[in-house]
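If you want the building blocks of each chain, they are given just below.
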Amino acid sequence: MSSTGAKRDQSGGYVKGFLAHLSVEKGYSEATIRSYGTDLGQFGEFLKRVKRSLESPGRINRDHVRGFLAELHRRELSKTSMGRKLSSLRAYFKYLRRHKVIAKDPMAGIRNPKQDKRHPQVLNVEQAVSMMEAAVEPDPEGLRDIALAEVLYGSGLRISEALGLDLNDVDSDVIRVVGKGSKERIVPLSDAAVERIRRYMEQRHAFLKDYSEQALFLSVREGRRLNRRQANRIVARLARLAGLPKDVHPHMLRHSFATHMLEAGADLRSVQELLGHERLTTTQRYTHLDMQRLMQVYDRAHPRAGDDADPDE
């Protein structure tokens, strides 16, 4: 089919045009766009082996997608990863159909593998508090690490959101957060986070190589914005200092924030707004964890919850 109005990149290529569309029109982050590019690249490598190409999308059909899915299954890829790759392909072919590059969508009728029920890993309140109070050195690096952890746990930010904060995003006891799709929201800071940020800001100059740098959280060597890998190491180190047995990562602090908020009585809609979730169903997965806790309390406390209750009484 002719590509009237097809948005190819100037250097040619539907994939490049699609990724540019995600950046310019959708406002997706660089990490998300890289993810789409990786998924499409893997499908492209598979297509080469069957004499097809992403740049000739009209020759791709449902059987090719199923063959790719079978290959992913043979490689024992997780169902979550397989689902993500299929979502990337759906977005690509939907884009091509919208621009009349293809008449038929090869993704039609292709369903994601049925997901195993998995629930977010969380810290309990005591573990989270012990991590926030980890015995770090009171130097610029230690103050930065604790401030970052307090923002992740106290405000429930995604790691990309926390690392994307600039100085002017912090306003007294609230922060302006740019989330997925460049959507902005205002999130409150806990009293502890306000204090930790204040103490870190007094020492932030120790990281600076360029005094025009606006990033809130800076790296030691470059004096530039912290990256995801560095943040992962910071969180893991704080967890070790607190003596936590789990492999703690930044997103676990976000999960813990949501779960602890619901346990304390926050309503689901408010937590959804704080987390920046587009759909309420995404937030609802945390209610399962809260329900488990409630059932344990019920089993311990209710006189009719025991196994020895007489049904005829």
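This is a predicted model, so every value here is computed, not measured.

Calculation rules
- Residues numbered from 1 in each chain as written.
- Predicted model: local features only at pLDDT ≥ 70, side-chain atom pairs only at ≥ 80, totals over all residues.
- Heavy atoms only, no water.
- Helix = DSSP H or I, 4+ residues; strand = E, 2+ residues; numbered from the N terminus.
- Buried < 20%, exposed > 50% of the residue type's maximum accessible area, 1.4 Å probe, protein only.
- Areas by Shrake-Rupley, 256 points an atom, 1.4 Å probe, with all protein chains shown as cover.
- Axes fitted to C-alpha atoms, helices over the stretch in contact; angles between N-to-C directions.
- Parallel < 35°, antiparallel > 145°, perpendicular 65-115°, else oblique.
- Left-handed = near helix turned anticlockwise from the far one by under 90°.
- Contact = heavy atoms within 4.5 Å.
- Nonpolar A, V, L, I, M, F, W, Y, C, P; charged D, E, K, R; others polar.
- Pairing = 2+ DSSP bridges.

1. Brief notes about the overall build of the protein chain
When helices and strands are counted, the protein chain shows twelve helices and three strands. Across the 313 residues of the protein chain, 40% fall into the buried class. Accessible surface, the protein chain as shown: approximately 18,200 Å² in total, 48% of it carbon and sulfur.

2. Overview of the packing of helix α10 (residues 250-263) against helix α11 (residues 268-275)
Each packed pair of helices is defined by two parameters, the angle between the axes and the distance between the axes. Where α10 contacts α11, the axes come no closer than 10 Å and their chain directions differ by 160°. With respect to their mutual orientation, α10 and α11 come out roughly antiparallel. Relative to α11, the crossing made by α10 is right-handed. Here α10 contributes Arg 254, Phe 257, Ala 258, Met 261 and Leu 262 to the contact with α11, which in turn contributes Leu 268, Val 271, Leu 274 and Leu 275. Classifying every residue of the contact of α10 with α11 by side-chain character gives eight nonpolar, no polar and one charged.

3. Quick look at the sheet that holds strand β2 (residues 174-178)
As summarised here, the arrangement of the three strands in space is β1-β2-β3, forming an open sheet in which the pairing is antiparallel. The strands lining the two open edges of the sheet, one partner per strand, are β1 (170-171) and β3 (184-188). Bridging between β1 and β2 involves two bridges; their strand directions are antiparallel. In the sheet register, Val 170 faces β2, and the bridge partner there is Ile 175.

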